[in-house]
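Residue-level structural notes
Residues per chain, in single letters:
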Amino acid sequence: MLKAQIHTSTCLDRSLLVSSGSVVVLGHKAASSVWIKGPQSRQSRKIRVWCSSASEAIQTLEEAITTAERFVEVKAIVTVSITVGGALSHLGINRGLDDITDLLGKTLLLELVSVELDPMTGLEKEPIAAFARRIGQEGKEVRYEAEFSAPIDFGEIGAVFVENEHHKEMFLKDIVLIGFGEDAININCQSWVHAKSNNHEKRVFFTNKSYLPFQTPDGLKALREKELETMCGDGTGERKFFERIYDYDVYNDLGDPDKSDDKVRPVLGGKKHPYPRRCRTGRPKTNKDPLSEKRSKFIYVPRDEAFSEVKELQFSAKTMKSLMHALLPSISTAMAESKKSFPLFAAIDSLFHEGVKIPNPQPEGFFQAIMPRLVKTITHSGNDLLLFEAPAIMERDKFSWFRDEEFSRQTLAGLNPLSIQLLKEFPIVSKLDPEIYGPAESKITKELIEREMKARITLEEVLEKKRLFILDYHDVLLPFVHRVREIEGTTLYGSRTIFFLTDDGTLMPLLIELTRPKLGDMPQWKGVFTHGWDATEAWLWKLAKAHVTTHDAGYHQLYNHWMRTHCCTEPYIIATNRQLSVMHPIYRLLHPHFRYTMEINALARESLIAANGIIETSFAPGKYSAELSSAAYAAFWRFDMEALPADLIRRGMAVEDPEAEHGLKLTIEDYPYANDGLLLWSAIADWVEAYVGRYYPDPELVVSDHELQAWWAEVRTVGHADKKDEPWWPELATPADLAHVLSTMIWVASGHHAAVNFGQYHYGGYFPNRPTISRVTMPVEEGRPEEEMRRFLEKPEKALLECFPSQYQATQVMAVLDVLSCHSPDEEYLGERAEAAWAEDGVVREAFERFNGRLKEIERIIDERNGDVRLKNRTGAGVVPYELLKPFSKPGVTGMGVPNSISI
């Protein structure tokens, strides 16, 4: 209790619950002002009353004090990040008006929301409002402060409404409430708040406490539902940049039919071309095609899905856009003959030693500032220099790509270790219609395999011992062969490559089969190629390998990378934001694994997979690339097979074994992707199981969670609508079901994506190792001019160079791969940092700390494996160590690091 003196003309002394006070008699009335501080307050407040006498003044003061005891003084500290073009930047004509708003203390209107209902009305209590005033700046953060008087029976704070009175949006980092008990209440916002002039609806931010739907306090139930309705929108209208609406649409914006007939592309999504759904933008339809959406410079993504300023300004978005819209055209100008092949391998090497002079745009030094790894400034020349850094595979052994053992090794420890599979049946037979494509039987015979194994072992024995493996791009590519061949300077085959598992655990390629399907009166052609012991067969083998690596590069990029990670994850993000409240513990588990994915996908639709984009102009399927990804999705994608263990078992690369580590026995013991991936998978699964167990101790809670069930139903029936009737979708009936579904999503967004993305420059930067397109057919293909065979026999090296991408194609792909392989300075790695809501829950915090500790241990284990000379698929002379699944990394092109999300 605090004591103070009340002074009157009669010098009455009273001990009161005030900090200080006085009554001054003024004629017939007494003016009284006091600073009152309640028992749970940290600050005093001033009350002034008018009374007719001193005794009345004392009585009035006593009443005021009694009232004061029923209030709590609350302070809110708001942290806002300064952003270029945002409310606190020094850009734009509204800056002066916003400064005045700050000076008047009218920047942000905050309203505190109680978790309780009013006992008198049964309705939500009226929020307590106050304006926040600017109190200071530290670095790139500005702090605001607001003061509230909250009734002592107001109840716990569950949320805060925020209204931005500035003329521009602002990025709200967090809100800290002080005054309710001893501990501050933290609200982690990390969100853009639109200007009131754009949208009069206030933003709501809930506290860090997580609630299942049935646990939601009564005072927040309606607000929880309303916020979800806001996120869903009504499915109409064109989306505006500041909105936070999540809705679905088909991929109908890859073409540009209004611009030219050459840019007409089919709609992806639906019975003819099954596809996952993307985020709806609401842009108008094209004039020529009522099913296609008009393209525009701005592609909507919900505001909080956009890149952070660090990523936007220092790295990917600006870099990628500059690359697409400025650097690549400059490369094209520098290489006037865009279809020209490299004359010698030395000319390829010159890209890393001498570089390519490119026109220097205005302002001077623009490219070098944006892409310092790629572009160097040449003083006083009027040009910049495009100079590539030597990728890991070239730096360690420039000729490794030429060798069969490296060709094989990369199927297990390269950029695409997800396609190799056990050969389970023989003879090999296509599943395609022979009436359309020709005979289904492969030309790979028992006799050929046994001859190439050069061992006293039969085909039946190696099949039984699981020692034959296959890269099979036959059925997935064959339907596109003749259409692709109509594109000038491009060719394609269906292919099969057979590998033998040697005694030292490495793979040896045995045979390559290339197939051209029949067309009209032209019969099907199949060619089988082996190492050979003469010069001609040896060079044909090298050409065949170039075709196979082209197929592998295209399939990797379009299916194992784009489709299985980027494309299939976007519906998870949309459903999560539409159906799970931000207070839901599952939302808070998944949220860090969805960071930036929708933005990078929108950028891909704009520049990478769009009509005449990088993929179409430089990868084997050409203008049919997106259709190929649709065909692969239709044929192969299953959610229940996206978990790493299930994927390995499906491909015959592992079998279940309760006695083995991770419950799996690998078919090839030294399989770096699987060895390291299973470490990550198990760590993720353990963490998710502990997290789910914290909130769902019994199955009934899973079944009765209407938000959770609606989320899973929407993922299946809307986000992946073209697969909605498949019987393989997992049920969501137990905590174990839920943990497995979530672990799968997190694995795909983290480990799977890291494995297929961050080694792109390491393995593809020296493009002979992974050519992305084949430009000439095999000279021995039936029906080809004899002149082709003659030129091949005279100069086989030139034939190989002519098969590789052109100078322009190779250079632009190398530039893109360099950018796509780079970690941003603000990258968030798997298990590196706990989310605010996790840190405030003791059980969850301890589980996360175990997860973090396990990932650090995994780093050590991977380093030890890369130093073990017995593991020949990851160590050896000139071998690039397998580090793609090492959890952490510094910024830049490092060939390691597993980010939380698909952020590039």
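Here is what the cut-offs are and how they apply
Residues numbered from 1 in each chain as written. Predicted model: local features only at pLDDT ≥ 70, side-chain atom pairs only at ≥ 80, totals over all residues. Heavy atoms only, no water. UniProt positions renumbered as here; feature names shortened; annotations may be inferred. Helix = DSSP H or I, 4+ residues; strand = E, 2+ residues; numbered from the N terminus. Buried < 20%, exposed > 50% of the residue type's maximum accessible area, 1.4 Å probe, protein only. Contact = heavy atoms within 4.5 Å. Areas by Shrake-Rupley, 256 points an atom, 1.4 Å probe, with all protein chains shown as cover. Core = buried A, V, L, I, M, F, W, Y, C linked by side-chain atoms within 4.5 Å. Pairing = 2+ DSSP bridges. Phe/Tyr/Trp six-rings, centres within 6.5 Å; stacked < 30°, edge-to-face > 60°. pLDDT = per-residue confidence, 0-100. Salt bridge = Lys/Arg side-chain N within 4 Å of Asp/Glu carboxyl O.

The name that an unreviewed UniProt entry assigns to the chain is Lipoxygenase, with the source organism given as Acorus calamus. Recorded in UniProt under Pathway (unreviewed entry), the annotation for the chain is "Lipid metabolism; oxylipin biosynthesis." Quoted verbatim from the Subcellular location (unreviewed entry) field of UniProt, the annotation for the chain is "Plastid, Chloroplast".

1. Some words on the overall build of the chain
Looking only at helices and strands, the chain has 30 helices and 25 strands in total. Counting every position in the chain, which comprises 904 residues, the buried fraction comes to 60%. Nonlocal contacts in the chain, meaning residues at least 24 apart in sequence, comprise 71% of its contacts between residues at least 6 apart. Split by element, the accessible area of the chain, about 37000 Å² in all, is 53% carbon and sulfur.

2. Describing the environment of I449
Looking at the element boundaries, I449 is found in helix α11 (residues 446-453). Sequence-wise, I449 and F500 are 51 residues apart; in three dimensions their C-alpha atoms are separated by 9.2 Å. Non-local contacts of I449, meaning those with residues more than four positions away in its chain, are made with F426, I444, L459, L468, L510 and L511.

3. With respect to the nonpolar core
Within the largest apolar cluster, 190 residues are counted, with the highest numbers of intra-cluster contacts made by L648, Y671, W687, Y696 and W711. Looking at which element gives the most residues to this core, the answer is helix α15 (residues 535-579), with 17 residues. Apart from residues lying up to four places away in sequence, W711 is in contact with Y572, A575, T576, Q579, L580, L590, L732, L738, V741, L742 and M745. If you look at the next biggest cluster of nonpolar residues, it comprises 30 residues, including A76, A132, A146 and I185.

4. Digging into the pairing of strand β20 (residues 507-516)
The element β20 is largely enclosed, with a buried count of 9 among its 10 residues. Of the strand pairs in this sheet, strand β19 (residues 494-501) and β20 are connected by 8 bridges, and their pairing is antiparallel. The residue of β20 that forms the bridge with I498 is L511. Taking the residues that link successive antiparallel strands as the turn, the β19-β20 hairpin has 5 residues, and the phi of G505 there is positive, at about 85 degrees. Here β20 runs beside strand β21 (residues 525-529); their pairing, made up of 5 bridges, is antiparallel. Residue I512 lies in a different strand from β21, and its bridge partner there is F529.

5. Structural notes on the packing of aromatic side chains
Scanning the entire structure with this criterion turns up 37 aromatic pairs. Between F407 and F499 the ring centres are 5.9 Å apart and the planes differ by 35 degrees, which places this aromatic pair in the tilted class. In this pair, F407 sits in helix α9 (residues 404-413) while F499 sits in strand β19, placing the two residues 92 residues apart along the sequence. No difference in accessibility class separates F407 from F499, as the two residues are buried. With 5.5 Å between their ring centres and 75 degrees between their planes, W687 and F848 make a pair best called edge-to-face. Taken together, the residues span a long stretch of sequence, with W687 in helix α21 (residues 672-695) and F848 in helix α30 (residues 842-866) at a distance of 161 residues. An aromatic cluster of at least three residues, connected via ring pairs, comprises Y572, Y633, W637, F639, W711, W712, W728 and W729.

6. Topic: the confidence of the model for the chain
Per-chain confidence: the chain averages 88 in pLDDT, with 86% of residues scoring 70 or above. Under a pLDDT of 50 for its full length, residues 90-95 has, in the predicted model, 10 contacts with residues more than four places off or in other chains.

7. Quick look at the pattern of salt bridges
Opposite charge on two side chains permits pairing when their charged atoms draw close. Across all of its chains, the model carries 68 salt bridges by this definition. Linking E794 and R790 is a salt bridge whose minimum nitrogen-to-oxygen distance equals 2.7 Å. In this pair, E794 and R790 are both assigned in helix α26 (residues 786-794), 4 residues apart and thus about one turn of the helix distant. By relative accessible area, E794 is classed as exposed at 54%. Its salt-bridge partner being K886, residue D863 comes within 2.8 Å of it at the nearest N-O pair. Taken together, the residues D863 in helix α30 and K886 in the loop between α30 and β25 (892-893) connect sequence positions 23 residues apart. Taking the relative accessible area as the measure of exposure, D863 reaches 38% and is therefore partly exposed. You can call K886 buried: its relative accessible area is 8%. Three or more residues joined by partner-sharing salt bridges are found here, namely D249, D253, R278, R283, E293 and R605.

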